Every structure is written in C-alpha cells, then in structure tokens.
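Chain and residue survey
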Amino acid sequence: MTDTLYPGADRSQWFADHYPGSYMNPRCGVLHTTEGTGWPDYSGGAEAPHVTAKPDFAARRLLFRQHFPFDHSARALVNAPGGVETNTAGAVQIELIGTCDPATHRRWTAQGIQHIFWPEAPDWALRDLAAFMAWHREHNGIPLDGPAQWAPYPDSYGRNGVRLSFAGWNSFRGWCGHQHVPENDHGDPGNLDFATLLTLAGAGSGNTTPPSTTRRVVIWAGATLSAIAALAGITLGHLLDANPQIIDPNQVKPGQSITLPDDAKPVTPPGGTTSEPRPDPQPDPQPTRPSGSLAPGARGPEVQELQHQLNRLGYQLPATGYYGPQTAAAVNDVIGKHPGLGRADGVAGPRTRAKITALAAGTATGSSGRTTAGSLAPGARGSEVQELQHQLNRIGYQLPATGYYGPLTTNAVNDFVRLNPSLRPADGVAGPKTRARIANAALGTQANQTASLKPGARGAEVKTLQTQLNRIGHRLPVTGYFGPQTAAAVNDVIRKHAGLGRADGVAGPRTRAKIAALAAR
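How each quantity is defined
- Residues numbered from 1 in each chain as written.
- Predicted model: local features only at pLDDT ≥ 70, side-chain atom pairs only at ≥ 80, totals over all residues.
- Heavy atoms only, no water.
- Helix = DSSP H or I, 4+ residues; strand = E, 2+ residues; numbered from the N terminus.
- Buried < 20%, exposed > 50% of the residue type's maximum accessible area, 1.4 Å probe, protein only.
- Contact = heavy atoms within 4.5 Å.
- Areas by Shrake-Rupley, 256 points an atom, 1.4 Å probe, with all protein chains shown as cover.
- Disulfide = S-S within 2.5 Å.
- 1 Å grid on protein atoms, 1.4 Å probe; cavity = no way out; pocket = protein on both sides within 12 Å on 5 of 7 lines; lining within 4 Å.
- Points joined across faces, edges and corners; volume = space filled by probe spheres on them.
- Nonpolar A, V, L, I, M, F, W, Y, C, P; charged D, E, K, R; others polar.
- Expected span 1.5 Å × (residues − 1).
- Pairing = 2+ DSSP bridges.
- Axes fitted to C-alpha atoms, helices over the stretch in contact; angles between N-to-C directions.
- Salt bridge = Lys/Arg side-chain N within 4 Å of Asp/Glu carboxyl O.
- Phe/Tyr/Trp six-rings, centres within 6.5 Å; stacked < 30°, edge-to-face > 60°.
- Lys NZ or Arg CZ within 6 Å of the ring centre and 35° of its normal.
- pLDDT = per-residue confidence, 0-100.
- Core = buried A, V, L, I, M, F, W, Y, C linked by side-chain atoms within 4.5 Å.
- Parallel < 35°, antiparallel > 145°, perpendicular 65-115°, else oblique.
- Left-handed = near helix turned anticlockwise from the far one by under 90°.

1. Considering the overall build of the protein
Along the protein, the regular secondary structure elements total 16 helices and 7 strands. By residue count, 50% of the 521 residues in the protein fall in the buried class. If you take every contact in the protein between residues at least 6 apart in sequence, the share linking residues at least 24 apart comes to 60%. For the protein, the accessible area works out to roughly 23700 Å², and carbon and sulfur atoms hold 52% of it.

Okay, here's the thing in structure tokens:
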C-alpha cells in the first residue's frame, strides 16, 4: 500500500483536487531544480511535482510542501504522444528550489542572493533530501539506487549521453534526475552529488541498510516521545531536533519510525530486541465502521466523507481520505462549539460524526441523504443516485453505477461543476441546477456529435472526447480544454482512418463519431 503523504510537509498548494491525475504505484523518483529562489506557482498546478523543497537557511533545513499524493501522478515531466509514460509511470517527483546552472550561481552570488547551488549543496540540504529518499524506500519501496553519471549543466541539457532509453526508463527503479528521463530535454539537477546522497540515505556502495550512525525506533502502542527520550538518555528537544519531520509531538502514532541522535542510548521497544534500522511496518488500515469513531491516522472513504462534510461547514481541508492534523483540528473546532460532544481530543466519535453530518446536510437531511429538495449528497443511496451515475458516465466519467453516492461520485460531480462555473461551489452536492445540467449534457451527448470541436474549446464534451481518446491509447490529461495535445491526438486518429478529411486538429462530426466508436470497443 502506498504511503501518500510526507510527514511534516505542508499542503498550502494542494493541486490534486483540480488535477487528480492517474493512480500509480511509486517505482522511481525524479529530482528537479526550480532555477528560482521562491515557491513556484507551477501555472496553478499544471506543471507541478509531488513535492517542493525550499531551503530555510536560518534553521539549516529543507521545508517540504506537497502538491499531489504519492499514489497519483504529478505533472512536472513532458509526456509526448506515443513513446513511453513519464509522469504516470510511477515517478515520484521533487523540485529543489535553487539552481544547477553555474552561470546563474555566479550571477546570484554577485548580486548577494542567498540560494543553493545544488551541485555544491550544503551538508544539511543533502541530509534532508536523503531523509526524503530514505522515507520513500521504507514506505513506498523506491530503491536507494540510480545512475552513476550525472552530467553538469548545461552539458546535461538535451541529448546528453546519460538520458535513458525507453526500455531503460520502463525498467528503471531508484532515483534519477530530470536529465535522465526520456522524451524530456531538461538538464536539471546537473552534477548533483548523488553518491553522497545515497550514503546519507543508507545505500552507499550498494549497501541497503542505513549507516550505523543512524538508529531508528518504531513507536509502539502507548509510547510518547518524552518516554522514548528518557529511555534514550536525552532531552525531548534533542529528540525533536533529530526528527524535523515531526511538527506536533502529540500527533505521533504507533508504527511511525523516528531517528535517535548519535549520542542517544539504544532503545528497545517492549517485546522487541533492537532499535537498529528496520522498515516501518505497513499495516493496511481499515476504515472505521460507520457507527464507530474516526481518529488521527485513519484512512478511507469514511474519512474523505467526513472531510467533505467539514468543508461544507466552511473548513478548507484537502479531501485526501487521510485523517491528519488538519482534520483533527477541524473536528476539535466543531466539538468546542457544541457542548455535549465531549473532550476535544481530535477524535470524531459517533456523536461528533452525527453532529457534523447534520450540520453539513442542513435541517432537511433525511435518510435519503438529500440536503434540500432535488439535491443528492454524499451518503445518499437509491435509483436516483444510480441514474446520476449513468448520466455522468454518458458524458465521459467512469463510475461504478452502484446507487451509492460515495467519493468517486462526489469527485465526478465536483469536476463537472468546475467545468461549468455557473454551478459553483464544488461542494460535492448535486443540487437541482447541477443535476439538470448533467442530465442535459447526457441527453445531448449523442445529438452534439453533429458539432465540431476545435482547439480552444472547453467543457464536458471536450472532456468526453479526451476520455475516449485515452481509451484508444492516447495519454491526455482529461482537463476539458481542447489544447495542442488533444489536437495532436485527433490528428493521429484522422491520419490512421481514411475518409475523415484533413488532419487540421478539428474533431468534426465524422471524426467524433469514429473516435466514439473506437472507444466503445
């Protein structure tokens, strides 16, 4: 099971709701440099990696900001039509704020601009980047391995002698740079000191265990950081200094691993024999039953539904399905505002969950799961939900028509609302206007095949076209915008099937009918 969130990373630039990406199992990592000194906006997320790392020079550490979960594709690589998958090929991507260009480094130095020149990165920056890589080995199975050659910039740009072949990329496991990825021409991160990174991460000379100077403890049930520090003969502050990924010492949970400083005594968990390095256990957490409690660390559709409900009350949570500190804080806020819900301990117990559900749904909520007359909301069941799912599928979504309004239906409704701005907000509820617009779009899908779609077009019909093109082998982001990639895919179909006319990037009636027929197979 993929561990989707990096501990301690903030999510103030969370792009996954707008660009959900494709499911993937991490198999490799790609290191980029931003060639800048501030947090990039990544064109609103259209070109974002999974994570960005920014140097905090005063604290001598890297600050991590996460944009996508690790089990969904990011968007920082070029993925040309044909060839190989890049973003969606299990590649975890991290952008390192700074530069790999010696000329930029000289200019910034002359101007007094504080920055990291990554080929000569300071030890603390390599340490924190190595910790990120080691975490992915332990949690997501990405090996601590990679290419022996890292070309210096600008020689690393374009055809550089180190870029992988399609076959080499498809079989690659480990960490590489943007300069190694096929179908791309970027040369970052230059001649990064990759050998030192591997050594710091615990894989020097092919050794797959961490260096002996790094010791790990897996937190056991009932343990606190203060108790572990006492057993190790150090202060709590010293232990926290060695674990900068821990933001709130009260939020650690069993199964999480921490690092002991070099001067700490070994700590043996109850029933264990050693605190030396070992992979964190990876239990497959089961969602709590509806009648039970949801607590920090829980995962699953029930958590995601709780987050959607809290967002309808005005909170702004990433609906990831993971019960983290932000969700716990929102739950505590609700508890604090409504006497009788008990102690604000971050746990959404049965009474708290019932209260949140009632507040989110409004006074008209009933067993049908509706919020107001004509609306369908998460948690609803029945034939009306099933018909909504059929309608969404006719306009290009791919939902199991179960009759249950769960996270997949919620995401599809929100996506449709975002493509039709007059229907906002995208709060997961299919209100009367949204349902009517979806029904009209579903009814008009067949009739609208008589119209042409051209570059620059937007909307549900474009999204349907992109979904159909992907079913026949293309790899398009399903954005609802008819851009150059969609035009190129349409032209590819036109060229392969006689009688469709000129390959001018326009999806005319015959071309759309052909694409729909091919996708239906």
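2. Focus: the state of the cysteines
Counted by the stated rule, this structure contains 0 disulfides. Between C28, a cysteine without a disulfide, and C176, which holds the nearest cysteine sulfur, the sulfur-to-sulfur distance is 5.7 Å.

3. Here we look at empty space enclosed by the protein
Counted under the stated rule, the structure contains 2 cavities of 30 Å³ or more. There is about 70 Å³ of room inside the largest cavity. Lining the largest cavity are N79, A80, P81, G82, G473, H474, R475, L476, Q485 and A489. Its residues assigned to classes, the lining of the largest cavity comprises 4 nonpolar, 5 polar and 1 charged. Every residue along the wall of the second largest cavity is listed here: R11, Q307, L317, P318, T320, Y322, Q326 and T327. Residues that form the lining of the second largest cavity fall into these classes: 3 nonpolar, 4 polar and 1 charged.

4. Concerning helix α15 (residues 484-496)
An α-helix turns once every 3.6 residues. As a result, residues three or four positions apart point the same way. The terminal C-alpha atoms of α15, which comprises 13 residues, lie 18 Å apart, in line with the 18 Å expected from a rise of 1.5 Å per residue. For α15, every residue scored as buried is listed here: T486, A487, A489, V490, N491, V493 and I494.

5. Re the sheet that holds strand β3 (residues 61-66)
In space, the 5 strands of this open sheet follow the order β3-β2-β4-β1-β5, with mixed pairing throughout. Taken across any chain shown, the strands that pair with only one partner, and hence form the sheet edges, are β3 and β5 (174-177). The mean angle between the axes of side-by-side strands here comes to 25°, regardless of whether they run parallel or antiparallel. Looking at chain direction, strand β1 (residues 28-33) and strand β4 (residues 91-96) are connected through 6 bridges and run parallel. Note on β4: the bridge partner recorded for T33 is L96. Contacting β1, β2 (51-56), β3, β4 and β5, helix α3 (residues 123-140) runs over the sheet at an angle of about 40° to β3.

6. A few points about unusual backbone geometry
A cis geometry characterises the amide bond from Y153 onward to P154, with omega recorded as 5°. With respect to the helices and strands, P154 occurs in the loop between α3 and α4 (166-170). Cis geometry is adopted by the peptide bond preceding P189, which originates at D188 and carries an omega value of 5°. Phi at E183 is positive, roughly 65°, even though this residue is not glycine. Position of E183 relative to the elements: it lies in the loop between β5 and α5 (194-201).

7. As for the pattern of salt bridges
The tally for this structure, following the rule as stated, stands at 11 salt bridges. Among the ionic pairs, R512 bridges to E461, the shortest N-O distance being 3.0 Å. Placement of the pair is R512 in helix α16 (residues 509-520) and E461 in helix α14 (residues 460-471), with a sequence separation of 51 residues.

8. Thoughts on the packing of aromatic side chains
Enumeration according to the criterion identifies 11 aromatic pairs in this entry. Judged by centre distance (5.8 Å) and plane angle (55°), the ring pair of F70 and W135 falls under tilted. In this pair, F70 is assigned in the loop between β3 and β4 and W135 in helix α3, connecting sequence segments 65 residues apart. The same class applies to F70 as to W135, namely buried. Among the aromatic side chains, those forming a connected cluster through ring pairs are Y6, F64, F70, F132, W135 and W175. When the ring centre of W169 is taken as reference, the NZ or CZ atom of R27 above it lies at 5.0 Å. One cation-aromatic arrangement involves R65 over W39; the distance from NZ or CZ to the ring centre is 3.9 Å.

9. Regarding the confidence of the model for the protein
Scored by pLDDT, the protein comes out at a mean of 80, with 84% of its residues at no less than 70. Averaged over each element, pLDDT in the protein is lowest for strand β6 (residues 215-218) (67) and highest for β4 (98). Per-residue pLDDT stays below 50 along residues 272-291; that stretch engages in 43 contacts with residues further than four places along the chain or on separate chains.

10. Considerations on the pairing of β3
Where β2 and β3 come together, 6 bridges link them in antiparallel fashion. Looking across to β3, one finds that T52 is bridged to R65. Between β2 and β3, which pair antiparallel and follow one another directly, the connecting turn spans 4 residues, one of which, R60, has a positive phi of 55°.

11. Examining the environment of V30
Considering the arrangement of structural elements, one finds V30 in strand β1. By relative accessible area, V30 is classed as buried at 0%. Expressed as a C-alpha distance, the spacing of V30 and P49, which sit 19 residues apart in the sequence, is 9.3 Å. The contact partners of V30, leaving out residues within four places of it in the chain, are L77, A91, V92, Q93, I94, W169, W175, C176, G177, H178 and V181.

12. Things to note about the nonpolar core
If you look at the biggest cluster of nonpolar residues, it comprises 33 residues, and the most contacted ones within it are F64, I94, W118, L129, F132, W175 and L197. At the level of elements, β2, β3, β4, α3 and α5 are the ones that each hand at least two residues to this core. Element by element, the count of residues in this core is highest for α3, at 9 residues. Every residue in contact with I94, bar those within four places of it in the chain, is listed here: V30, L31, H32, P49, V51, A53, F64, L129, F132 and W175. In this structure, V303, Y315, A328 and A330 belong to the second largest nonpolar core, which totals 16 residues.

13. Notes on the packing of α14 against α15
Packing of α14 against α15 brings their axes to within 11 Å, and their N-to-C directions diverge by 55°. Viewed along their axes, α14 and α15 adopt a mutual orientation that is oblique. When the axes of α14 and α15 are compared, the crossing they make is left-handed. For the pair formed by α14 and α15, the contact residues are L465, Q466 and L469 on the first element and T486, A489, V490 and V493 on the second. Considering only residue class, the contact of α14 with α15 consists of 5 nonpolar, 2 polar and no charged.

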